[in-house]
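Okay, here's what each chain looks like letter by letter:
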Amino acid sequence: MQTLTKAERLRSRKTISLLFEKGKAISIHPVKMVWMQTANKEGVILQFGVTVPKKNFKRAVDRNRLKRQMREAMRKNKLQLKNFLEEKNKPCALLLVFTGKEAVPYKEIEDKIIVILQRFISGFSN
RNA sequence: AUAAUAAACUGUUCUGUCGUUCUCCUGCUUUGGCGGGAGAGAGGAAAGUCCGGGCAGCACAGAGCGCCAUACUUCCUAACGGGAAGUCUUCCGCAGAAAUGCGGGGGAAGAAAGUGCCACAGAAAAUAACUACCCUUGUUUACAGGGGCAAAGGUGAAAACGCGAGGUAAAAGCUCACGGUUCCUGCAGGUGACUGCAGGAAAGGGUAAACCUUAUGGGCUGAAAGGUCAAAUAAGUUCCGGAAUAAGCGGCUCGUUUAAUCCGUCAACUGACGGAGCGGAACGGGUAGACCGAAUGAUGCUGCAAGCAAUUGCAGUACAAGAUAAAUGACAGAAAUCUUCCGUCAACUGACGGGGGAUACAGAACCCGGCUUACAGGUUUGUUGUGAAC
RNA sequence: GAUUCCGUAGCUCAGCCGGUAGAGCAUCACACUUUUAAUGUGGGGGUCCUGGGUUCGAAUCCCAGCGGGAUCA
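Residues numbered from 1 in each chain as written. Chains lettered and ligands numbered in written order. Predicted model: local features only at pLDDT ≥ 70, side-chain atom pairs only at ≥ 80, totals over all residues. Heavy atoms only, no water.

Draft legend 1. How the structure looks around the nonpolar core. Core analysis: the biggest nonpolar cluster contains 29 residues, and M33, M70, L81, L94, F98, I113 and F120 have the highest contact counts within it. Going through the elements one at a time, β1 (24-28), β2 (31-37), β3 (46-51), α2 (60-77), α3 (79-88), β4 (92-98) and α4 (106-125) are the ones with two or more residues in this core. Of the residues forming this core, the biggest block, 6 residues, is contributed by α4. What F120 contacts, discounting residues up to four positions off in sequence, is I26, M33, W35, L81, C92 and L94. Membership of the second largest hydrophobic core comes to 6 residues, among which are L19, V34, A93 and L95. (Core = buried A, V, L, I, M, F, W, Y, C linked by side-chain atoms within 4.5 Å. Buried < 20%, exposed > 50% of the residue type's maximum accessible area, 1.4 Å probe, protein only. Helix = DSSP H or I, 4+ residues; strand = E, 2+ residues; numbered from the N terminus. Contact = heavy atoms within 4.5 Å.)

Draft legend 2. Layout of α2. In a regular helix each residue adds 1.5 Å, so 18 residues correspond to 26 Å; α2 covers 26 Å between its end C-alpha atoms and thus fits that length. Listed in full, the buried residues belonging to α2 are R63, L66, Q69, M70, A73 and M74. All buried residues of α2 lie within an arc of 135° about the axis, which places them on one face of the element. Counted as exposed and oriented over 90 degrees from the buried face of α2: V61, R65 and R68. (Expected span 1.5 Å × (residues − 1). Arc of directions from axis to C-beta.)

Draft legend 3. Highlighting the sheet that holds β1. Spatially, the 4 strands line up as an open sheet ordered β1-β2-β4-β3, and their pairing is mixed. The sheet is open, and its two edges are formed by β1 and β3, each paired on a single side. In this sheet, neighbouring strand axes are inclined to one another by 20° on average, regardless of whether the strands run parallel or antiparallel. Note that β3 and β4 share 6 bridges and pair parallel. What sits directly across from G49, in β4, is L95. Against the sheet, α2 contacts β2, β3 and β4, and its axis sits at roughly 155° relative to β3. (Pairing = 2+ DSSP bridges. Axes fitted to C-alpha atoms, helices over the stretch in contact; angles between N-to-C directions.)

Draft legend 4. Expanded view of the environment of D62. Checked against the element boundaries, D62 lands in helix α2. Since its relative accessible area comes to 35%, D62 is described here as partly exposed.

Draft legend 5. How the structure looks around α3. All of the buried residues in α3 are L81, F84 and L85. Along α3, the residues classed as buried sweep out an arc of 95° about the axis, all on the same side. One or two steps after α3, the chain reaches N89, where phi turns positive at roughly 55°.

Draft legend 6. Broad picture of a positive patch on the surface. Taken together, the side chains of K6, R9, R65, R68 and R71 present a region of like positive charge at the surface. Its place among the elements puts R71 in helix α2. (Patch = residues over 30% accessible without salt bridge, like charges linked within 9 Å, V, L, I, M, F, W, Y side chains within 5 Å. Areas by Shrake-Rupley, 256 points an atom, 1.4 Å probe, with all protein chains shown as cover. Salt bridge = Lys/Arg side-chain N within 4 Å of Asp/Glu carboxyl O. Lys, Arg positive; Asp, Glu negative; His and termini not counted. Charge placed at Lys NZ, Arg CZ, Asp CG, Glu CD.)

Draft legend 7. Fine view of the pattern of salt bridges. Enumeration according to the criterion identifies 2 salt bridges in this entry. For K112, the salt bridge is made with E108, and the minimal N-O distance between the two is 3.7 Å. In this pair, K112 and E108 are both assigned in helix α4, 4 residues apart and thus about one turn of the helix distant. Given a relative accessible area of 24%, K112 falls into the partly exposed group. Using a relative accessible area of 32% as the deciding quantity, one classes E108 as partly exposed.

Dropping the structure here:
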């Protein structure tokens, strides 16, 4: 299912600030992913959020568009990750940060996110 | 016809797949959710946060001082530093010999209440006097002292009303004619700023986006305001109730008096049903949280009327986003508009076919009224240039 | 969402109640030295963020914009 429900979004301010403090990062230009394990309170195996710094993109329109594209790429490609995490029973929180200075086409964002997820899965096993 | 420029209006459409927020209907369920269907889902500037309000909390006897903002007139408005219509003045463009007219931009309380400042140059930058001119004293030319004057010279952004005549030792609004400026008075027009005419007075550089004076307005803070709840409660859902409710009085588990609402449908003079609201019971989530504030309003649209207009009144009609690490999207295809290239027809402009490119500025964050700024393409109007025809 | 400050030489900053824009470091040339560094002497380098306005005159005063920073749970 390529859905994206409210429970799958990372909404807690506390978790987000914790992620920036203690989370581990995987970076492939122009996207950086911060992740950490969480306690499985709500029965959700995976929570993620997206963010674009205001410093690099002044216009709200540009930021919103990049966030939508990243969210869309995640929505399409998260199924494999979800199954993997369910096998291990290790709930995780992810945060995707767009670190590039200029906007890139959607295709590139999607490819890079797929690479990041694969690296995350292979790195998590070890 | 075309190009430039200014203003106003407008702000691309459709289909497919997957997905998202809210509302309604519905199925399953461990009551937490999961699935299906339908509907609604960014702007003219949502932006900048430059003004003005609503709203909320706090403060508050009255007056004064201080601080901030505004400043021609009349009107509009909830209010405004906004808007409309005007007055005077100045600058730019065009027409014209000029007067003046048309279009556009700026300015206008007070410099005649007081204080300050005006570099360099210049005698002097605001109680003027260097050269020069005139009178006079020292024996005479020269030179020096005293006095008069402000016409001529040069400096400067700016030099003490302009010009002519009279006048004088030499001069000077010192006097007079003409002209200009400011103020006062009267008359006429206008709601008014102001304009015209007549009379009188005065000589006074600039600067208030220097201090300031006058008038008017402003209590302070800002939704991160503020409120309810938070380890068993709030919101919500389901079921039940019909005076269970509210206020006052009486020491008060109760009694008594008064009041007992609003909306919709059906019936018909007083009821029934449903909902809001009220009471009770059960269930009931998260934890930097939930809910209220918070989506019916100075609201939009249409028509009529008043007004030059901004705007206002009346009637009808509509309900039109509500997110919160923050929804309204991603991808693909087609159409439309603009532009460019090639080919054909045709003949200097277009038609047809094909290929390429572009479709802006920009994302609600409590809500309104303005202002400012950004903006592809299109439409309309004004001005100017060029070309053609008459 | 709200409040507030700043923008001047390549860099860090003065100058900000108006009158020709400066300092330190850097850079260039010369001297000193066998050479380099250090030192000394001299020089160059500025749309004072942009546009408009007030004024005789604006980096400075006023208005609008652009860019950057800080604070408020």
